[in-house]
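# Working through the structure, step by step
Here are the chains, one letter per residue:
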Amino acid sequence: MNNVTLRVYSFIDSLQPQLASYLGTSSQGFLPIPGDACLWIEVAPGMAVHRLSDIALKASNVRLGQQVVERAFGSMEVHYRNQSEVTTAGEAVLREIHADVESRMACRVAWKEIIRAITPDHATLINRQMRHGSMLQPGKSMFIFETEPAGYIVYVANEAEKAAHVTLVDVKAYGAFGRLIMMGSEAEMAQALSAAEQAVANINSRATH
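Source: prediction; values computed, not measured.

### Overview of the pairing of strand S2 (residues 37-44)
Counting buried residues along S2, eight of its eight residues qualify, which places the element largely inside the surrounding structure. Across the two faces of S2 the burial is the same, with Ala37, Leu39, Ile41 and Val43 and Cys38, Trp40, Glu42 and Ala44 all buried. Here strand S1 (residues 5-12) pairs with S2 via seven bridges, running antiparallel. Residue pairing in the sheet places Leu6 in a bridge with Val43 of S2. Here seven bridges tie S2 to strand S4 (residues 74-80), and the two strands are oriented antiparallel to one another. By the bridge assignment for S4, Trp40 is matched with Glu77.

### What about the packing of helix H5 (residues 152-163) against helix H6 (residues 186-204)?
Put simply, H5 and H6 touch, their axes get as near as 8 Å, and they point 135 degrees apart. Taken together, the axes of H5 and H6 lie oblique to each other. Note on packing geometry: the crossing formed by H5 with H6 is right-handed. For the pair H5 and H6, the contacting residues are Tyr152, Tyr155, Val156, Glu159, Ala160 and Ala163 in the first and Gln191, Ala192, Ala195, Ala196, Ala199, Val200, Asn202 and Ile203 in the second. Grouping the amino acids of the contact of H5 with H6 by side-chain chemistry returns 11 nonpolar, two polar and one charged.

### Concerning the nonpolar core
Counting residues in each nonpolar core, the largest one holds 34 residues, and the members touching the most others are Phe143, Phe145, Leu180 and Met182. Listing elements by their share of this core, those giving two or more residues are S1, helix H1 (17-26), S2, strand S6 (141-148), H5, strand S7 (167-172), strand S8 (178-184) and H6. Not counting residues within four places of it along the chain, the set of residues in contact with Leu180 comprises Phe143, Ile144, Phe145, Ile153, Val156, Ala157, Leu168, Asp170 and Val171. In this structure, Leu39, Ala48, Leu64 and Ile97 belong to the second largest nonpolar core, which totals 21 residues.

### Topic: the UniProt feature "domain: BMC circularly permuted" (unreviewed entry) in the chain
When the UniProt feature table is mapped onto this chain numbering, "domain: BMC circularly permuted" (unreviewed entry) sits at residues 5-107 and 108-209. The span residues 5-107 shows a helical share of 35% and a strand share of 29%, and its end C-alpha atoms are spaced 15 Å apart.

### So, H6
The end-to-end C-alpha separation of H6 is 27 Å, in line with the 27 Å expected for 19 residues at 1.5 Å each. For H6, the set of buried residues is Glu188, Met189, Ala192, Leu193, Ala195, Ala196, Ala199, Val200, Ile203 and Asn204. Buried positions along H6 lie against strand S5 (108-115), S6, H5 and S8.

### Notes on the packing of aromatic side chains
Scanning all chains against the criterion turns up one aromatic pair. When the centroid spacing of 5.8 Å and the interplanar angle of 50 degrees are considered together, the rings of Phe143 and Phe145 count as tilted. The same class applies to Phe143 and to Phe145, which are both buried. The cationic tip of Arg7 hangs over the ring face of Phe73; the distance from NZ or CZ to the ring centre is 3.6 Å. Cation over ring: Arg63 sits above Phe30, and NZ or CZ is 3.7 Å from the ring centre.

### Quick look at unusual backbone geometry
Going from Ala44 to Pro45, the amide bond is cis rather than trans, its omega being 0 degrees. Secondary-structure assignment places Pro45 in the loop between S2 and helix H2 (48-59). Between Glu148 and Pro149 the backbone carries a cis peptide bond, its omega angle lying at 0 degrees. As for its position among the elements, Pro149 is in the loop between S6 and H5. Its identity as a non-glycine residue notwithstanding, His98 has a phi of 55 degrees, on the positive side. Under the relative-accessibility criterion, His98 is labelled exposed at 57%. Phi angles above zero are rare outside glycine, and Ala117 is one such case at about 50 degrees. Tracing the chain through its elements places Ala117 in the loop between S5 and helix H4 (120-127).

About the cut-offs
Residues numbered from 1 in each chain as written. Predicted model: local features only at pLDDT ≥ 70, side-chain atom pairs only at ≥ 80, totals over all residues. Heavy atoms only, no water. Buried < 20%, exposed > 50% of the residue type's maximum accessible area, 1.4 Å probe, protein only. Helix = DSSP H or I, 4+ residues; strand = E, 2+ residues; numbered from the N terminus. Pairing = 2+ DSSP bridges. Axes fitted to C-alpha atoms, helices over the stretch in contact; angles between N-to-C directions. Parallel < 35°, antiparallel > 145°, perpendicular 65-115°, else oblique. Left-handed = near helix turned anticlockwise from the far one by under 90°. Contact = heavy atoms within 4.5 Å. Nonpolar A, V, L, I, M, F, W, Y, C, P; charged D, E, K, R; others polar. Core = buried A, V, L, I, M, F, W, Y, C linked by side-chain atoms within 4.5 Å. UniProt positions renumbered as here; feature names shortened; annotations may be inferred. Expected span 1.5 Å × (residues − 1). Phe/Tyr/Trp six-rings, centres within 6.5 Å; stacked < 30°, edge-to-face > 60°. Lys NZ or Arg CZ within 6 Å of the ring centre and 35° of its normal.

Shown next, in the form of structure tokens:
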């Protein structure tokens, strides 16, 4: 498969409780649990993800939690309790498309912001949208973060949850941009933002710029 572009290759060593639960609510496949290792891959063209999911599942014991095939991009998420199984699956995919981790696209931060003391009207509007996470509470601060490519937002969300006492409101990991919404105090949101920025730096230290 020489015509496949590796957009996202994002390994997560241990899914945090809120993110694991969130992925479970939106998953059409097998549900991850907290502590599972996880791999999110995004490729172009989109239909190539079917073949790559097949390769990953046959090469290891991973479970397929998510597969999204869009017009331009295809995404897949696999997970397993044992990290070595997940890395084996990833290595098989990389071999199939003649790529390595450094072949992945760099992560661009399209937007980042902390909005303090959310109003009731604003909170209600967000809570009534297509949301799989917690409710946004009026008076709390809201942290929003947007990445390109979209799939990197899962790693960013996991690192932010590791670093700060946050409430996960929403994560969108496919489409043109990945979007994250978290809630907490101003101090907690500042910690989450710092962790998110470090997560992007970690990605870009091993990526094609």
